[in-house]
Amino acid sequence: MTPSNTMALSLILAVFVFSAMFSNAAPLEKGVQPHDFGQDRPDPSFNATAKSAPFCFPSLGFVMPSSLPEDNTNWWCNPATEYAFLGFSYEVSNCQSRSQLQREFADIRNRFQSRYVRLYGACDRDGFYDDIVDAAWDNGLGVHALIWFGFDGDDLWIGRRDTLFASLHANPKAKFVTRVVQFGSEPLYDWVLEPEQLAQQVTLAKQNLSSLNIPVTVSELAYGYQEHGGAQAVLDAIDSINIHMLPFFAQDASTGDQAWPIVQRDLQWFISHGKGKKMYFDENGWPSVTSEGVQPNSPIAVANIPNEQAYYELLDQHCEDLKEVVGGGIGWFAHIYSDNQEPGYGIYNTKGKMKFPFAPKTIC
């Protein structure tokens, strides 16, 4: 066989293998319930012209450029193609050093095949978000940034908003790693702002960030919307729907492996009211311990490591179901990276050891 024929045969085989990987989806695992999530998938409103993986950021296998592109309009992966495990919530209240951010973001990307980090909490140190941007860029991660309201009912969030926006405009790398800016966490549930006020903040933020092509959302529970009569003004204003999925707190919670009906219930509410927008489970998990602020509302809800593991395995078992959700499927985060950040929710314990095997699907 001539060298040219050998090359041609190699190309044909490569195309065949690549096609098989992405066209033959894994079958549903035994016991998966029927669902009615599948609907036509309109492109989310923040979908720029996008290349396909692995030629878009932050897909697995994407090679970071040696210099910044001219703009980010053809940079991001289409969110309608992003589903399954995306990455971790990452608590920043400890104001991690640059070296710690670099080390842990490298671990998040390389060990767990993450594409994003979703920030949680707040660090008010000058220049901290620039450190986040550098660590994300250096490790090929996108960031779901957060304007943190906290739990004290104060107005510190206003200064945090302005500081973040200033950084996003001033740092040339920021728009290449900041996938979305969130107002959170749970501003509706905590009654920080009325729905009309929150919707106005979202609209103003979208105007402020429009030149950077950075969309805006709210990080919230289904119940947070429901206790405000649905807060449709907020759902209409946001670019994507970033859902807190914490079934341990449901009144009918029991164990992690039995949480699917609870997930379905909250998800179906968002499908019914979200008008086809892209959805994420961003604050999403099951605790391994209870604490002062983590108490069940069901007498039979169990918090331990096996149930934390079982919940994430449940999401993997329903990968095909979640993939079919309107908007391009559910992409989910594990809340949270380490027990040092929030007790009981971490994949790592306080000694830096994994609490259980964790290698969730990134495709199905």
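Residues numbered from 1 in each chain as written. Predicted model: local features only at pLDDT ≥ 70, side-chain atom pairs only at ≥ 80, totals over all residues. Heavy atoms only, no water.

Chemist: I would appreciate a short explanation of the packing of helix α4 (residues 156-170) against helix α6 (residues 195-209) in the present structure.
Modeler: Packed helix pairs are specified by the crossing angle of their axes together with the interaxial distance, meaning the distance between the axes. Close contact between α4 and α6 brings their axes to 11 Å; oriented N to C, the two are set at 20 degrees. The angle between the axes of α4 and α6 places the two elements in the roughly parallel class. Crossing hand, α4 versus α6: right-handed. Between α4, through Trp157, Arg161, Phe165, Leu168 and His169, and α6, the contact on the second element is made entirely by Gln201, Ala205, Asn208 and Leu209. Residue composition of the contact of α4 with α6, grouped by class: five nonpolar, three polar and one charged. (Axes fitted to C-alpha atoms, helices over the stretch in contact; angles between N-to-C directions. Helix = DSSP H or I, 4+ residues; strand = E, 2+ residues; numbered from the N terminus. Parallel < 35°, antiparallel > 145°, perpendicular 65-115°, else oblique. Left-handed = near helix turned anticlockwise from the far one by under 90°. Contact = heavy atoms within 4.5 Å. Nonpolar A, V, L, I, M, F, W, Y, C, P; charged D, E, K, R; others polar.)

Chemist: What am I meant to see in the pattern of salt bridges here?
Modeler: Close approach of charged atoms allows side chains of opposite charge to pair. On inspection of all chains with the given rule, the structure shows 13 salt bridges. Asp131 is paired through a salt bridge with Arg98; the nearest N and O atoms lie 2.7 Å apart. Of this pair, Asp131 sits in helix α3 (residues 128-139) while Arg98 sits in helix α2 (residues 98-110), placing them 33 residues apart in sequence. Residue Arg98 is classed as partly exposed on the basis of its relative accessible area, which comes to 44%. Linked by salt bridges that have partners in common, Arg98, Arg125, Asp131, Asp134 and Lys173 make up one network. (Salt bridge = Lys/Arg side-chain N within 4 Å of Asp/Glu carboxyl O. Buried < 20%, exposed > 50% of the residue type's maximum accessible area, 1.4 Å probe, protein only.)

Chemist: For this particular structure, what's the right way to read α2?
Modeler: Structural remark: α-helix, 3.6 residues per turn; residues separated by three or four positions point the same way. Taking 1.5 Å per residue, 13 residues should reach 18 Å; α2 reaches 18 Å between its end C-alpha atoms and fits that length. For α2, the set of buried residues is Leu101, Glu104, Phe105, Ala106, Asp107, Ile108 and Arg109. In this fold, the buried residues of α2 make contact with β1 (84-91), β2 (116-120) and α3. (Expected span 1.5 Å × (residues − 1).)

Chemist: When you look at the packing of aromatic side chains in this model, what are you seeing that I'm missing?
Modeler: The description of two aromatic rings rests on the distance between their centres and on the angle between their planes. Overall, the coordinates contain 32 aromatic pairs when judged by the stated rule. Judged by centre distance (5.5 Å) and plane angle (80 degrees), the rings of Phe88 and Tyr337 are edge-to-face. One end of the pair, Phe88, is in strand β1; the other, Tyr337, is in the segment after β8 (331-334), with 249 residues separating them in the sequence. A relative accessible area of 0% means that Phe88 is categorised as buried. Plain terms: the ring middles of Tyr90 and Phe105 are 5.3 Å apart, the flat faces sit at 85 degrees to each other, and that makes the pair edge-to-face. Within this pair, whereas Tyr90 is found in strand β1, its partner Phe105 is found in helix α2, the two being separated by 15 residues in sequence. Take Tyr90: its relative accessible area is 0%, and that puts it in the buried class. Across the ring face of Tyr280, the terminal group of Lys278 is positioned such that the distance to the ring centre comes to 5.5 Å. (Phe/Tyr/Trp six-rings, centres within 6.5 Å; stacked < 30°, edge-to-face > 60°. Lys NZ or Arg CZ within 6 Å of the ring centre and 35° of its normal.)

Chemist: Even after reading the chapter, I still don't get the layout of surface pockets, so can you show me in this structure?
Modeler: Any empty space left between atoms is shown by rolling a water-sized probe over those atoms. Here the largest pocket defines a volume of roughly 950 Å³. Forming the boundary of the largest pocket are 31 residues, of which Glu186, Tyr189, Leu221, Leu246 and Phe249 lie nearest the centre. Within the residue set of the lining of the largest pocket, elements represented by two or more residues are α7 (222-226), β6 (241-245) and α9 (260-273). A per-class count over the lining of the largest pocket returns 15 nonpolar, eight polar and eight charged. (1 Å grid on protein atoms, 1.4 Å probe; cavity = no way out; pocket = protein on both sides within 12 Å on 5 of 7 lines; lining within 4 Å. Points joined across faces, edges and corners; volume = space filled by probe spheres on them.)

Chemist: Would you mind going over unusual backbone geometry with me for this structure?
Modeler: Glycine aside, residues mostly have negative phi angles, and peptide bonds mostly take the trans form. Look at the link from Phe57 to Pro58: it is a cis peptide, with omega at 0 degrees. Across the junction of Gly184 and Ser185, the peptide omega takes the value 10 degrees, indicating a cis bond. Within the secondary structure, Ser185 is located in the loop between β4 (178-184) and α6. Positive phi is not limited to glycine here, since Glu186 has a value of about 60 degrees. Mapping Glu186 onto the fold places it in the loop between β4 and α6. Using a relative accessible area of 11% as the deciding quantity, one classes Glu186 as buried. Although it is not a glycine, Asn213 adopts a positive phi angle of roughly 60 degrees.

Chemist: Sorry if this is basic, but what is going on with the nonpolar core here?
Modeler: Generally speaking, a soluble globular protein has its nonpolar side chains buried in company with each other. With 100 residues, the main nonpolar core has Phe105, Leu168, Phe183, Tyr225, Met279 and Phe358 as its most contacted residues. Once you skip the residues sitting within four places of it in the chain, Phe105 turns out to touch Tyr90, Val117, Ile132, Ala135, Ala136, Asn139 and Leu141. (Core = buried A, V, L, I, M, F, W, Y, C linked by side-chain atoms within 4.5 Å.)

Chemist: What should I look at first to understand the state of the cysteines in this one?
Modeler: Linking two cysteines covalently via their sulfur atoms produces the bond known as a disulfide. The full count for this structure, using the stated rule, is three disulfides. Each disulfide pairs two cysteine sulfurs, and for Cys95 the partner residue is Cys123, the sulfurs being separated by 2.1 Å. When the S-S torsion is 115 degrees, as for the bridge of Cys95 with Cys123, the disulfide is right-handed. Of this pair, Cys95 sits in the loop between β1 and α2 while Cys123 sits in the loop between β2 and α3, and the two are 28 residues apart along the sequence. Each sulfur of the disulfide joining Cys319 and Cys364 lies 2.1 Å from the other. For the disulfide bridge between Cys319 and Cys364, the dihedral angle about the S-S bond is near -90 degrees, and by the sign convention the bridge is left-handed. Of this pair, Cys319 sits in helix α11 (residues 319-323) while Cys364 sits in the segment after β8, and the two are 45 residues apart along the sequence. Grouping residues by exposure puts Cys319 and Cys364 together as buried. (Disulfide = S-S within 2.5 Å.)

Keep in mind these values describe shape, not function.
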